[in-house]
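Remarks on the overall topology
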Amino acid sequence: QVQLVESGGGLVQPGGSLRLSCAASGITFYQYVMGWYRQAPGKQRELVAAITSGGTTNYADSVKGRFTISRDNAKNTVYLQMNSLKPEDTAVYYCNAERTVIRYANYWGKGTLVTVSS
(Lines give C-alpha, C1' and ligand atoms only; values in the text may rest on other atoms or scores of the structure.)
Protein backbone atom coordinates (compact mmCIF):
# COMPACT_ATOMS: atom_id res chain seq x y z
CA GLN A 1 0.00 0.00 0.00
CA VAL A 2 1.45 3.32 -1.09
CA GLN A 3 1.37 6.17 1.38
CA LEU A 4 2.63 9.73 1.08
CA VAL A 5 2.27 11.52 4.40
CA GLU A 6 2.85 15.26 4.54
CA SER A 7 3.66 17.19 7.69
CA GLY A 8 4.89 20.62 8.71
CA GLY A 9 2.08 22.86 7.59
CA GLY A 10 0.57 25.55 9.76
CA LEU A 11 0.04 29.24 10.29
CA VAL A 12 2.98 31.58 9.73
CA GLN A 13 3.35 35.33 9.43
CA PRO A 14 4.44 36.97 6.16
CA GLY A 15 8.19 36.77 5.84
CA GLY A 16 8.36 33.64 7.95
CA SER A 17 9.51 30.13 7.15
CA LEU A 18 8.14 26.61 7.21
CA ARG A 19 9.57 23.23 6.33
CA LEU A 20 7.29 20.61 4.86
CA SER A 21 8.13 16.93 4.91
CA CYS A 22 6.66 14.03 2.96
CA ALA A 23 7.40 10.49 4.08
CA ALA A 24 6.82 7.86 1.41
CA SER A 25 6.17 4.17 1.92
CA GLY A 26 5.16 1.33 -0.36
CA ILE A 27 7.20 2.60 -3.32
CA THR A 28 10.75 2.14 -4.54
CA PHE A 29 11.60 5.72 -3.69
CA TYR A 30 14.60 6.28 -5.96
CA GLN A 31 12.53 5.40 -9.03
CA TYR A 32 10.24 8.37 -8.48
CA VAL A 33 10.38 12.05 -9.24
CA MET A 34 9.07 13.70 -6.09
CA GLY A 35 7.12 16.91 -6.26
CA TRP A 36 5.25 19.45 -4.22
CA TYR A 37 2.06 20.93 -5.60
CA ARG A 38 -0.32 23.42 -4.08
CA GLN A 39 -3.92 24.41 -4.47
CA ALA A 40 -5.28 27.69 -3.23
CA PRO A 41 -9.03 28.24 -2.73
CA GLY A 42 -10.74 28.67 -6.07
CA LYS A 43 -7.61 27.91 -8.05
CA GLN A 44 -6.20 24.93 -9.89
CA ARG A 45 -3.52 22.75 -8.41
CA GLU A 46 -0.09 23.90 -9.54
CA LEU A 47 3.43 22.56 -9.43
CA VAL A 48 5.61 24.24 -6.82
CA ALA A 49 8.82 22.22 -7.10
CA ALA A 50 10.06 18.81 -8.18
CA ILE A 51 13.23 16.80 -7.72
CA THR A 52 14.61 13.72 -9.46
CA SER A 53 16.38 10.91 -7.68
CA GLY A 54 19.65 12.40 -8.87
CA GLY A 55 18.87 15.77 -7.37
CA THR A 56 17.84 17.77 -10.44
CA THR A 57 15.28 20.36 -9.37
CA ASN A 58 12.57 22.41 -11.01
CA TYR A 59 10.69 25.34 -9.48
CA ALA A 60 7.70 27.45 -10.29
CA ASP A 61 8.76 31.00 -11.11
CA SER A 62 6.71 32.32 -8.19
CA VAL A 63 8.84 30.46 -5.62
CA LYS A 64 12.32 30.58 -7.16
CA GLY A 65 14.84 31.93 -4.69
CA ARG A 66 12.48 31.43 -1.74
CA PHE A 67 11.69 27.70 -1.69
CA THR A 68 14.10 24.76 -1.75
CA ILE A 69 13.17 21.16 -2.45
CA SER A 70 15.38 18.31 -1.28
CA ARG A 71 15.15 14.59 -0.77
CA ASP A 72 16.73 11.93 1.40
CA ASN A 73 16.64 8.67 -0.51
CA ALA A 74 17.78 6.73 2.55
CA LYS A 75 14.78 8.00 4.53
CA ASN A 76 12.26 7.93 1.65
CA THR A 77 11.47 11.54 2.44
CA VAL A 78 11.18 14.74 0.44
CA TYR A 79 11.28 18.21 1.95
CA LEU A 80 10.21 21.69 0.99
CA GLN A 81 11.92 24.54 2.79
CA MET A 82 9.83 27.66 2.38
CA ASN A 83 11.33 31.04 3.25
CA SER A 84 10.10 34.61 2.85
CA LEU A 85 6.54 33.37 2.79
CA LYS A 86 3.86 35.59 1.30
CA PRO A 87 0.08 35.59 1.78
CA GLU A 88 -0.26 34.32 -1.79
CA ASP A 89 1.60 31.16 -0.76
CA THR A 90 -1.45 30.19 1.30
CA ALA A 91 -2.69 26.85 -0.01
CA VAL A 92 -2.98 23.17 0.64
CA TYR A 93 0.37 21.63 -0.27
CA TYR A 94 0.40 18.14 -1.73
CA CYS A 95 3.22 15.67 -2.08
CA ASN A 96 3.43 13.78 -5.37
CA ALA A 97 5.42 10.77 -6.53
CA GLU A 98 5.66 10.04 -10.23
CA ARG A 99 7.45 7.21 -12.01
CA THR A 100 7.79 7.39 -15.78
CA VAL A 101 10.13 4.44 -16.32
CA ILE A 102 9.38 0.71 -16.22
CA ARG A 103 5.69 1.38 -15.70
CA TYR A 104 3.94 4.68 -15.19
CA ALA A 105 2.75 5.36 -11.65
CA ASN A 106 1.54 8.48 -9.89
CA TYR A 107 0.58 8.94 -6.25
CA TRP A 108 -0.65 11.82 -4.10
CA GLY A 109 -0.61 12.63 -0.44
CA LYS A 110 -3.65 14.05 1.34
CA GLY A 111 -2.11 17.49 1.71
CA THR A 112 -1.11 19.87 4.46
CA LEU A 113 -2.46 23.38 4.88
CA VAL A 114 -0.11 26.35 4.87
CA THR A 115 -1.61 29.68 5.89
CA VAL A 116 0.44 32.86 5.61
CA SER A 117 -1.27 35.65 7.49
CA SER A 118 -0.59 38.33 10.05
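The rules we used
Residues numbered from 1 in each chain as written. Predicted model: local features only at pLDDT ≥ 70, side-chain atom pairs only at ≥ 80, totals over all residues. Heavy atoms only, no water. Pairing = 2+ DSSP bridges. Helix = DSSP H or I, 4+ residues; strand = E, 2+ residues; numbered from the N terminus. Axes fitted to C-alpha atoms, helices over the stretch in contact; angles between N-to-C directions. Salt bridge = Lys/Arg side-chain N within 4 Å of Asp/Glu carboxyl O. Buried < 20%, exposed > 50% of the residue type's maximum accessible area, 1.4 Å probe, protein only.

1. Considering the sheet that holds strand E3 (residues 18-25)
The 4 strands lie next to each other as E1-E3-E8-E7, forming an open sheet whose pairing is antiparallel. Two strands lie at the open edges of the sheet, namely strand E1 (3-7) and strand E7 (67-72), each paired on one side alone. Averaged over all pairs of adjacent strands, the angle between strand axes in this sheet comes to 15°, irrespective of strand direction. Summarising the sheet, E7 and strand E8 (residues 77-82) pair through 6 bridges and their orientation is antiparallel. Paired with threonine 68 across the two strands is glutamine 81, which belongs to E8.

2. What to know about the environment of threonine 100
Tracing the backbone shows threonine 100 in the loop between strand E9 (91-99) and strand E10 (105-108). Taking the C-alpha atoms as reference, threonine 100 lies 26 Å from glutamine 81; in sequence the two are 19 residues apart.

3. Digging into the pattern of salt bridges
Across all of its chains, the model carries 4 salt bridges by this definition. Linking arginine 38 and glutamate 46 is a salt bridge whose minimum nitrogen-to-oxygen distance equals 2.8 Å. According to the relative accessible area criterion, glutamate 46 is partly exposed, its value standing at 35%. Linking aspartate 61 and lysine 64 is a salt bridge whose minimum nitrogen-to-oxygen distance equals 3.1 Å. Salt bridges sharing partners connect three or more residues here, namely Arg38, Glu46, Arg66 and Asp89.

4. Digging into unusual backbone geometry
Phi angles above zero are rare outside glycine, and asparagine 76 is one such case at about 55°. Residue position: asparagine 76 is located in the loop between E7 and E8. Phi at serine 84 is positive, roughly 50°, even though this residue is not glycine. One can find serine 84 in the loop between E8 and E9.

5. Side note on the pairing of E1
Side chains Leu4 and Glu6 of E1 all project onto a buried face; the interleaved residues Gln3, Val5 and Ser7 project onto a face where none is buried. Relative to E3, E1 runs antiparallel, the two being bridged by 5 bridges. Bridge assignment links leucine 4 to a residue of E3, and that residue is alanine 24.

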